[in-house]
Amino acid sequence: MPLTDAARIRLQTTHPTGLMLWRALQPLRGLVRFMNSGAHPDDEHSSMLAALTYRDGLSVSYVCSTRGEGGQNDIGREAGAALGTLRTAEMHGAADVLGLSMYWMSDTPEDPITDFGFSKSGVETLGKWGQAHTLRMLVQAIRAERPDILCPTFLDIPGQHGHHRAMTQAAHEAMDAAADPAFEADGAPWQVAKLYLPAWSGAGDAYDDDLPPPPATVHISGAGHEPPSGWTWAEIGQQSRVYHATQGMGRWTGGVEPKGWPLHLVRSTVGPDHAGNKAKITDNLPNSYCDLLPGNASAADLDAQLAACVATYPDPAATLHHAFLAIALARTARAQCVERNQHYALHRIDRTIEQLSRVAYLASGARLTARLATDHAEPGQTIGATLALIAPAHLCKTNAEWHLPKGWHGTDDSITLPKTAQPFNPFPMIHNAHAPQGPVAVKITLTYEGITTSLTLPPERQLLVLPSIQATIEPATAFLNTAAPQPIALRLSEGASLSAAKGFTQTPSGDGLTLTALAPTQTLLTLPVTKGGQPAQTTTRISQPHTGPLIFSAPATLRLRVAEVALPNARIAYIGGGNDRVDHWLRAMGADVTTLPDTALNAPSLAEYDSLVIGIFALRFRPSLAAFMPAIHAWVQNGGTLVTLYHRPWDNWDVAHTAPALLEIGKPSLRYRVTDEAAHVTPLLPDHPLLNTPNTITPEDWHGWVKERGLYFAKSWAPAYQPLLQMADPDEAPHQGALLSGRFGKGQHHHCALILHLQMEALVPGAFRLMANLTNPPPDQPQ
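Residues numbered from 1 in each chain as written. Predicted model: local features only at pLDDT ≥ 70, side-chain atom pairs only at ≥ 80, totals over all residues. Heavy atoms only, no water.

Caption draft 1: Spatial organisation of the sheet that holds strand 20 (residues 488–492). One open sheet accounts for 4 strands, arranged 18-20-23-22; its pairing is antiparallel. Looking at strand neighbours, the two that pair on one side only are strand 18 (473–474) and strand 22 (504–509), the edges of this open sheet. As defined by bridge partners, strand 18 adjoins strand 20 across 2 bridges and the pair is classed as antiparallel. Pairing of Ile 473 across the sheet is with Leu 492, part of strand 20. (Pairing = 2+ DSSP bridges. Helix = DSSP H or I, 4+ residues; strand = E, 2+ residues; numbered from the N terminus.)

Right, dumping it as structure tokens:
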């Protein structure tokens, strides 16, 4: 749906034209390009980048290897490629705040460069990504952006995330490879002039650098405020980081100026930086057209006109005048570069013209209305649209028209898609700040004193083109317990059919069908969904206030796991935080489970149940839960079984009071997790009821796990708890805090830091069997 008027007003207040014009002017003050590199959306040095571009006048960019699809999600249940779709959009929003040019190294969910989960090794990471492929994609981004400076976010040292280490290692190799004409990657060769590393530790809640950082050779000051807004560079950085909402980013700084950012010069092809306090990252780099183009007659005039354009702020008429004069001079300088064979400068001039065109548009006072009547459209569909441009006629001539792919047709009030329209791509490889991302854009043409320029702008919301053959099946994943087989009710969209499966019958019902097992055998089935005899795509729709609507499409299938799980003899209550579906999977395997709302968080309600499962992060996202914990402890003393799934230390977990006895969650997470999903698991108390009742947990139950074993393992615990499992990553000391169990009065508490919720989503049988055991009452309790 289009934005409401209230939403438009809120957007307007966060993007005042005067501030946007000031920010658009700042990169015109120099020519140096700074590229930050990282492994995930949110790895970028936001505050430092804000200072570099809005104070120091550098053009900034960020290259990111993965889409963050293996990360956590603080705002929903999207995971895998759907989470990658959401985090890509978050990164683009964050980039727009900083004026970043954004480059990605993975182009589809199937790309080997993926966020496969936490890693402690750069070698392991590059083994999974493919070292040659990783280097090629990084070189491709460098050749496209042509930065003078490359600076990875993290150090390649033990204690860091393996993905971070892999990107830092690749940065060293890419400096030579990008300049090598023989290296096969898209783009013309480009020599990065300087490679910097952070000269500060990356240790914190998640990481724990083993080695000290390298010595600082240059210091980027954090001092100062953005003149129009009065914000510090840290505040602007956090305004960017708050877009990473899935990762819980965005911190209030209170206006405190950052201390700055020390960097270590690893390598330079243009000589060393100046010594001591006079050192700047721009030392020995061309920062004006006179520096860049010796002998070019237009260079000095262009520099002067750019400086005049910047100096005119906040007079938009004067800014417009000098912007157009600078555009004309830039075009002349470009033609002279071609004549003089100075092709090395063309990309900088082209970028300057693009920047000036945006400045001219903002200074013109033009007000664009480009709205679509819907966020989604199918190939061949005609949708309503509104296109209008209001601008003061005395400043310059302006015109707006739809800018559409070949075969599309647009008028002032409609847009028609061809039947061959390509579906929305949630994984674009490049995003330029404030530029259109989808197929629909608006071309703005401005003319002033015979000089014409143009730029393309996005509509109010991007258009999401749906697949041509669509079908839905709900649920798309299912679990059949042979110990308590139940018919599986499936909802199918109109005209959709589910492929037959041996041993199952399909009975039409209402808006779908019922799948019934005749003689089920333990297996994993993937059943395609078709429409009109053709394979269909299913579309996941995502919408968050900070990203707007998004879609992710994939082949429509039903994944069905058939396995045997002995059920707990218990009435189970579940309190979730919105980040897992453990209650859903307990029901799917036939358990008696009730999801409790806040109104049921009271002692009389809890007394109706034998077991209580507290889902991941629930203590953080269910504010009333912490105050209810004393009542839960009393219920445990009277015979209840409490199961707490993994929490982070900052998820409102109180070491002394959340659990029935002291239980401390370890941090940084790198030291208290096992990332090898196939790590050997050793039972410490093999006869313990939790490992035997009602299911005997065997080595087979640890097979087929995905992503990792678990994280945020317990660091310390009261003597009442017993550790039940031991596991370790290669070449590391074993952990015993993954699964703890303790008796308290007549009841018991199990704390499980294994990522069972994710294994259940992946239909791993052992996760269902262990969850059944976790929710089983104490063996000496009457049933």
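Caption draft 2: Geometry of the nonpolar core. If you look at the biggest cluster of nonpolar residues, it comprises 77 residues, and the most contacted ones within it are Leu 612, Leu 625, Ile 632, Leu 725, Leu 754, Leu 756 and Leu 774. In contact with Leu 774, other than residues within four places in its own chain, are Thr 641, Val 643, Leu 690, Leu 739, His 750, Cys 752 and Leu 756. By size, the runner-up hydrophobic cluster in this structure holds 59 residues, among which are Tyr 289, Ala 299, Ala 421 and Ile 444. (Core = buried A, V, L, I, M, F, W, Y, C linked by side-chain atoms within 4.5 Å. Buried < 20%, exposed > 50% of the residue type's maximum accessible area, 1.4 Å probe, protein only. Contact = heavy atoms within 4.5 Å.)

Caption draft 3: The arrangement of the packing of aromatic side chains in detail. Scanning the model with the defined rule gives 8 aromatic pairs in all. For the ring pair Tyr 646 and Tyr 712, a centre distance of 6.5 Å and an interplane angle of 5 degrees mean the geometry is stacked. Taken as a pair, Tyr 646 in the loop between strand 32 (641–645) and strand 33 (663–665) and Tyr 712 in the loop between strand 36 (710–711) and strand 37 (714–717) lie far apart in primary sequence, 66 residues in all. In terms of burial, Tyr 646 and Tyr 712 fall into one category: buried. An aromatic cluster is built from Phe 617, Tyr 646, Trp 650 and Tyr 712, whose rings are joined through pairwise contacts. Between Arg 648 and the ring centre of Phe 617, over which it is positioned, the NZ or CZ distance is 3.7 Å. In this arrangement the basic side chain of Arg 709 is found over the ring face of Trp 705, its NZ or CZ atom lying 5.1 Å from the centre. (Phe/Tyr/Trp six-rings, centres within 6.5 Å; stacked < 30°, edge-to-face > 60°. Lys NZ or Arg CZ within 6 Å of the ring centre and 35° of its normal.)

Caption draft 4: Representation of the packing of helix 4 (residues 80–98) against helix 8 (residues 233–241) within the structure. Their axes nearest at 8 Å, the elements helix 4 and helix 8 cross at an angle of 155 degrees. In this view, helix 4 runs roughly antiparallel relative to helix 8, as classed from their interaxial angle. Here helix 4 runs over helix 8; the crossing is right-handed. Packed against helix 4, whose contacting residues are Ala 94, Val 97 and Leu 98, the element helix 8 presents Ile 236, Gln 239 and Ser 240 at the interface. Taken together, the residues of the contact of helix 4 with helix 8 sort by class into 4 nonpolar, 2 polar and no charged. (Axes fitted to C-alpha atoms, helices over the stretch in contact; angles between N-to-C directions. Parallel < 35°, antiparallel > 145°, perpendicular 65-115°, else oblique. Left-handed = near helix turned anticlockwise from the far one by under 90°. Nonpolar A, V, L, I, M, F, W, Y, C, P; charged D, E, K, R; others polar.)

Caption draft 5: A look at unusual backbone geometry. In this structure, Pro 668 follows Lys 667 across a cis peptide bond, with omega equal to 0 degrees. Examined against the element boundaries, Pro 668 turns out to sit in the loop between strand 33 and strand 34 (673–674). That bond from Thr 693 to Pro 694 is cis: its omega, -5 degrees, falls within 30 degrees of zero. Counting through the fold element by element, Pro 694 comes out in the loop between strand 35 (682–683) and strand 36. Phi is positive for Tyr 712, which is not a glycine, with a value near 50 degrees.

Caption draft 6: Local environment of the environment of Thr 269. For Thr 269, the position within the fold is in the loop between strand 7 (261–268) and helix 9 (289–292). Sequence separation of Thr 269 and Ala 193 is 76 residues, and the distance between their C-alpha atoms is 5.1 Å. In this structure Thr 269 touches Met 175, Gln 191, Val 192 and Ala 193, once residues within four positions along its chain are discounted.

Caption draft 7: Inspection of the sheet that holds strand 10 (residues 382–390) at higher detail. The strand order 8-10-13-12 describes an open sheet built from 4 strands, whose pairing is antiparallel. Looking at strand neighbours, the two that pair on one side only are strand 8 (367–372) and strand 12 (409–410), the edges of this open sheet. Here 2 bridges tie strand 12 to strand 13 (residues 414–416), and the two strands are oriented antiparallel to one another. Residue His 409 lies in a different strand from strand 13, and its bridge partner there is Thr 416.

Caption draft 8: Examining the packing of helix 10 (residues 299–311) against helix 11 (residues 316–340) more closely. For the pair helix 10 and helix 11, the least separation of the axes is 8 Å and the interaxial angle reads 160 degrees. Regarding the angle of helix 10 to helix 11, the classification is roughly antiparallel. Judged by the twist between their axes, the crossing of helix 10 over helix 11 is left-handed. Facing helix 10, whose interface residues are Asp 301, Leu 302, Gln 305, Leu 306, Ala 308 and Cys 309, helix 11 presents Thr 319, His 322, Ala 323, Leu 325, Ala 326, Leu 329, Ala 330 and Ala 333. Here the residues of the contact of helix 10 with helix 11 are counted per class, giving 10 nonpolar, 3 polar and 1 charged.

Caption draft 9: Spatial organisation of the pairing of strand 10. Pairing of strand 8 with strand 10 involves 6 bridges; the strand directions are antiparallel. Of the residues in strand 10, the one forming a bridge with Ala 370 is Leu 387. Bridge count between strand 10 and strand 13: 3 bridges; the pairing is antiparallel. Within the sheet, the bridge partner assigned to Ile 383 lies in strand 13 and is Ile 415.

Caption draft 10: Representation of helix 2 (residues 17–25) within the structure. Most of helix 2 is tucked away, with 7 of its 9 residues classed as buried. Of the positions making up helix 2, those classed as buried are Leu 19, Met 20, Leu 21, Trp 22, Arg 23, Ala 24 and Leu 25. Those residues of helix 2 that are buried are in contact with helix 3 (46–54), helix 4, helix 8, helix 10, helix 11 and helix 12 (346–363).

Caption draft 11: Structural view of the state of the cysteines. Under the criterion given, the structure shown has 0 disulfides. Between Cys 290, a cysteine without a disulfide, and Cys 337, which holds the nearest cysteine sulfur, the sulfur-to-sulfur distance is 12 Å. (Disulfide = S-S within 2.5 Å.)

Caption draft 12: A look at the pairing of strand 1 (residues 33–38). Here strand 1 lies mainly inside the structure; 6 of its 6 residues are buried. Side chains of strand 1 alternate between two faces, with Arg 33, Met 35 and Ser 37 and Phe 34, Asn 36 and Gly 38 buried alike. Here 6 bridges tie strand 1 to strand 2 (residues 59–64), and the two strands are oriented parallel to one another. Within strand 2, the position partnered with Met 35 by the bridge is Ser 61.

Caption draft 13: How the structure looks around the pattern of salt bridges. Inspection of every chain in the model, using the stated rule, returns 31 salt bridges. A salt bridge links Asp 651 to Arg 620; the shortest N-O distance between them is 3.9 Å. Of this pair, Asp 651 sits in the loop between strand 32 and strand 33 while Arg 620 sits in helix 15 (residues 618–621), and the two are 31 residues apart along the sequence. Shared partners join several salt bridges into a network, and the residues in it are Asp 5, Arg 8, Arg 371 and Glu 460. (Salt bridge = Lys/Arg side-chain N within 4 Å of Asp/Glu carboxyl O.)

Bear in mind that shape data such as this cannot, by itself, settle questions of function.
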